[in-house]
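Reading the structure
Chain by chain, the residues:
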Amino acid sequence: MTSDNWSQEDLKLIMSVYYLVRKLPHQERSSALDRLLPGSTFHRQAVEQLLAGNLKGDSICSLISDEVSSDSQSVKQSVSKSELRTGEVLAGRFEIVERLGHGGMAYVYEAKDKKRRCRVALKVVRRTVGGEASAGNDFGSIVKEVNISLQVAHRNVCRVFDIGQHVREDGQVNFLTMELLPGETLSARLNRTGRLDTAEAAEIARQLCEALQAAHDAEVLHRDFKCSNIMLINSGRDVRAVVTDFGIACWTQPEHYLTDSGRSAETIQGIAGTPVYMSPEQLRRHKLTEASDIYSLGLVLYEMVTGRRPFQRDSDDSPQLEPNRRLTEDPQPPAKVVPGLGENWNKSILRCLERDPAKRFPSARAVWEGLNPPPAKPLLLKIAAVVASILLVIALSQSQALQILLNPLPQQKNIAVLPFRLASTNPDDQAFSYGFMKSATEFLSQCCSSERVWVVPFSRVRGQHNTSAHENAKHPASALGVNLLVTGELGNAQGVLQLSIEVKDAKTFKILRSRVVKIPDGQVAALEDQMLEQLAEMLELKIPSGHKRPVGYTANSRAYELWQQGRGYLAQQQNLQDLDQAITKLEQAVQMDNNFAVAFADLGDAYYRKYSYTGLLKWLDKAEEASSRSIPINGKLSQVYVTLGKISQKKGYWRSAISEFEQAHNLDPASDDTRCLLATAYYEHNQQPKAESLLHDAINHNPESWTSYDCLGVLYYHSSRYRDAEPLLLTATRLAPGNPIAHQLGGLYLAQGKFKEAAEIETEAIKTTPTYAAHSNLGTARFYLKEYDAAVESFTEATHLRSGDHRLWRNLGDADTLAGNLAEALADYHRAIQELNKDLKVNPNDCSKLEFLSLYFAKLGEKRHAMQTLTQAKCRPGNDPELIFNLVLIYELIGQRNQALAELGSAVEAGYSRQEIQNAFELEQMRKDKRYQEIMDKGNSRKLV
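Because the structure is predicted, anything quoted here is derived from the model rather than measured.

Definitions and limits used
Residues numbered from 1 in each chain as written. Predicted model: local features only at pLDDT ≥ 70, side-chain atom pairs only at ≥ 80, totals over all residues. Heavy atoms only, no water. Pairing = 2+ DSSP bridges. Helix = DSSP H or I, 4+ residues; strand = E, 2+ residues; numbered from the N terminus. 1 Å grid on protein atoms, 1.4 Å probe; cavity = no way out; pocket = protein on both sides within 12 Å on 5 of 7 lines; lining within 4 Å. Points joined across faces, edges and corners; volume = space filled by probe spheres on them. Salt bridge = Lys/Arg side-chain N within 4 Å of Asp/Glu carboxyl O. Buried < 20%, exposed > 50% of the residue type's maximum accessible area, 1.4 Å probe, protein only. Phe/Tyr/Trp six-rings, centres within 6.5 Å; stacked < 30°, edge-to-face > 60°. Lys NZ or Arg CZ within 6 Å of the ring centre and 35° of its normal. Arc of directions from axis to C-beta. Contact = heavy atoms within 4.5 Å. Disulfide = S-S within 2.5 Å.

Strand order in the open sheet formed by 3 strands is β7-β9-β10, and the pairing between neighbours is antiparallel. The open sheet is flanked by β7 (184–185) and β10 (240–243), the only strands paired with a single partner. Here β7 runs beside strand β9 (residues 230–233); their pairing, made up of 2 bridges, is antiparallel. Its bridge partner being in β9, Thr 185 is matched across the sheet by Met 231.

Written out as structure tokens, the structure is:
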């Protein structure tokens, strides 16, 4: 294969390997090429010729930027006409099991992923073969599909895992892997059974609306939303609908994704997609918006409930005629096709199918609300906040006095409030229960801080379940470091709400105190106050005389219920779906009462979390607006200032952030979470003594609070004060041995070079709670143990759990590089850049993020971009050891050895882990420079263990 026949991806692959290998000693280059280009003879020969000087890198780089002529494209090919064979292994990892199907752009296979030990779906892009025309003949199209798909994290959207290339004798295979979905397409279901009954159709419709809303929130248009791109797993009430194939998706705001050269709705030329499912504007090649996908959703809904497409005349009708009818004709109302179809369905589908995009539903979420409007009467739990008269019956008997006598409480009360049990399976009712639990936690924390009482922060209790002793695999006493548990149960019988409250011994689950509160349904005001009063009495605590419900609550019973549901969805949030539900409930609450300050505060928190998930600036603006709305109503809500402080941090306004956190801490001095946020802000803004004093005071006030030890230990760890960090983290682990958050020791052992110990700790942590941090630390341990394939597996899991963290993508890129997965490594580094650019939209002058951006460009071999970005930062990293060491890597990767060595001296002096310096694979050549060892020897006086 000559250079005249190389494709653009061939050239990029050759140059990427060349840049990596040319820095290695001659004796190591051969083994590196074996690892980076297994089985790729012509790629290897090209790299070897470059290394020998027989080819000019500059000429190849110029070829990369040129357009490939149509004549040469007929010669280039990566996939032959023959399909992949059963048993064939791609990239040494994916064993083909069977072909699942194919479309105009790709073949899809079931494959065994040997690395992750699971089955996946493997999609092979169909390429130009001989002189035949086909679509999707660029490896970049796979990268774009993966980049877009990864932005849409939702249960009802197919997960994409990896991209790869494999060289066969007859060409190169470009592929991606994704979630294997056992089931059938919606199209196949309709062909098999005919139209769906409205009960099953409603469940599918709800999930499709949520999936499409998740895509639109991520600023993605699907553009090929159709029945054959929807997979159904199970049926009836248990059905799960999954949207697949983002192969021709595009950004609505491409400027938000600076590293994706891909497509925007305004720049796409020609018609791509399936005409019978296209909107009129897509057929006319007009600008596309979310409304285009809404139209396609309407077509799918129509077909689900009628068994036919709206512009299909009969079964023999030509599909080519349908698009033309759509431009001029109105669809037949589905209620005429299926008499008895509900009016909500009929109206909603017809509104989706309006020819004028402005007349359609404004969002996918609104489509579902149209199909399923809220009931006229309130839900099962009619619990309100103030004003209405209350009938309170408290079952007090001699047994309560006996409980106090026989079951004394400990003097030091370390308390955790667990989620209240609930007979109802309605998600809104479950969310209400979580909201109620949060109220109890906040009350105990705020009102009892002067006594010998410590309440586990609400954020640390999430995920714990209120079960009996024999059922509880994760014992709360161990996981939360407490000696008392508060549990509850809510029920409704014959129009009477019953609330049972229990105080239990955390180790034995023995009931020490119990109360029952009964309230007539619909007449509940101040239930929360009564519940908290009873709780304080059971725990033998005194409520401060000035304690009362804060200004900014509501007298509107429905608004109160929506608020508790919204904060409950926030409390139990595990995914973007929970967060969207929280936002919906809280928005409805403040619409019903625009003086509901507490609801505005929680709405601000929800918007900020949405920004953290999506990286979209609009959610940060909404968070600031909602939080600011609550201050004129009640300026003493600490949560508001916490959210505003986080926003200021994101924008780089450190003084403002510290001021906001100080205000929050003054309003709620017992909050461990707020104290840790403030201490972290002090520490990062060179006010270390204030941070240490704040946390030491908390430890002295309550030596049983493991969270303060944990926070201070983490601060010491991140500033490379490992000797100071270790005893604090050990104490936190001793006080709460079952809590994965206390396993910061894993990170500490990594910095000390104790990789096996770190791997053991993190493996145990993952068994308890598989957090992204635990997977990341385990990946780092495996990386330094040179178990690169296992490291890739761990880092991949971490990115699935926290896809917006650029550092995780950088770690995955490093692991893929040393595992020989070069194409994946390049995509990982590009994804890291993409996530960083989201943050830089908020604060374009963030020095630390600009430095990381420069590092990632350097890892991609883009020296000019690396230097430009580093110059743009215009600031020094101060005394931050990690940022100083990043400069070492950047200068070494772009070939400025002298500057790299100078920064290395600064990093050693700042206390950066010598073990991590020694293990940095980017410095392999520098270690042969005698100046390197001189610098390391000078730092021996500060050697860290």
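Before going further, it helps to examine empty space enclosed by the protein. Counting across every chain of the model gives 4 cavities of 30 Å³ or more. Taken as a whole, the second largest cavity spans an internal volume of roughly 60 Å³. Elements supplying a minimum of two residues to the lining of the second largest cavity: α6 (139–151) and β6 (171–179).

Once that is clear, we can look at unusual backbone geometry. Despite not being glycine, Ala 91 shows a phi value in the positive range, around 55°. Position of Ala 91 relative to the elements: it lies in the loop between β1 (89–90) and β2 (94–102). For Asn 686, which is not glycine, the phi dihedral falls at a positive 60°. Tracing the sequence through the fold places Asn 686 in the loop between α26 (672–684) and α27 (688–701).

On to the pattern of salt bridges. Counted according to the given criterion, the structure contains 39 salt bridges. Note that Asp 724 and Arg 721 form a salt bridge whose closest N and O atoms lie 2.9 Å from each other. For Arg 721, a relative accessible area of 30% translates into the label partly exposed. It is possible to trace a salt-bridge network through shared partners that takes in Glu 184, Arg 189, Arg 192 and Glu 200.

All right, on to the packing of aromatic side chains then. On inspection of all chains with the given rule, the structure shows 13 aromatic pairs. With centroids separated by 5.5 Å and ring planes inclined at 70°, the aromatic side chains of Phe 783 and Tyr 788 adopt a geometry described as edge-to-face. By relative accessible area, which is 10% here, Phe 783 ends up buried. We classify Tyr 788 as partly exposed; its relative accessible area is 21%. Clustering of aromatic rings is evident, with ring pairs tying together Phe 755, Phe 783, Tyr 784, Tyr 788 and Phe 921. Positioned over the ring face of Phe 361 is Arg 351, at 4.3 Å from the centre of the ring.

Further remarks concern helix α7 (residues 186–193). Within α7 the residues assigned to the buried category are Leu 186, Arg 189 and Leu 190. Buried positions in α7, seen along its axis, are confined to an arc of 95° and lie on one side of it. Exposed and facing more than 90 degrees away from the buried side of α7 are Asn 191 and Arg 192. Of the surrounding secondary structure, the elements contacted by the buried residues of α7 are β7, α8 (198–217), β9 and α10 (290–306). Among the residues trailing α7, Gly 194 stands out with phi positive, at a value near 80°.

All chains considered together, the criterion is met by 1 disulfide. Note on cysteine connectivity: Cys 676 is disulfide-linked to Cys 711, with sulfurs 2.1 Å apart. The sign of the S-S torsion, about 95°, decides the handedness of the disulfide formed by Cys 676 and Cys 711: right-handed. Separated by 35 residues along the polypeptide, Cys 676 in helix α26 and Cys 711 in helix α28 (residues 706–718) bring together distant segments of the chain. Of the two residues examined, Cys 676 and Cys 711, each falls in the buried class.

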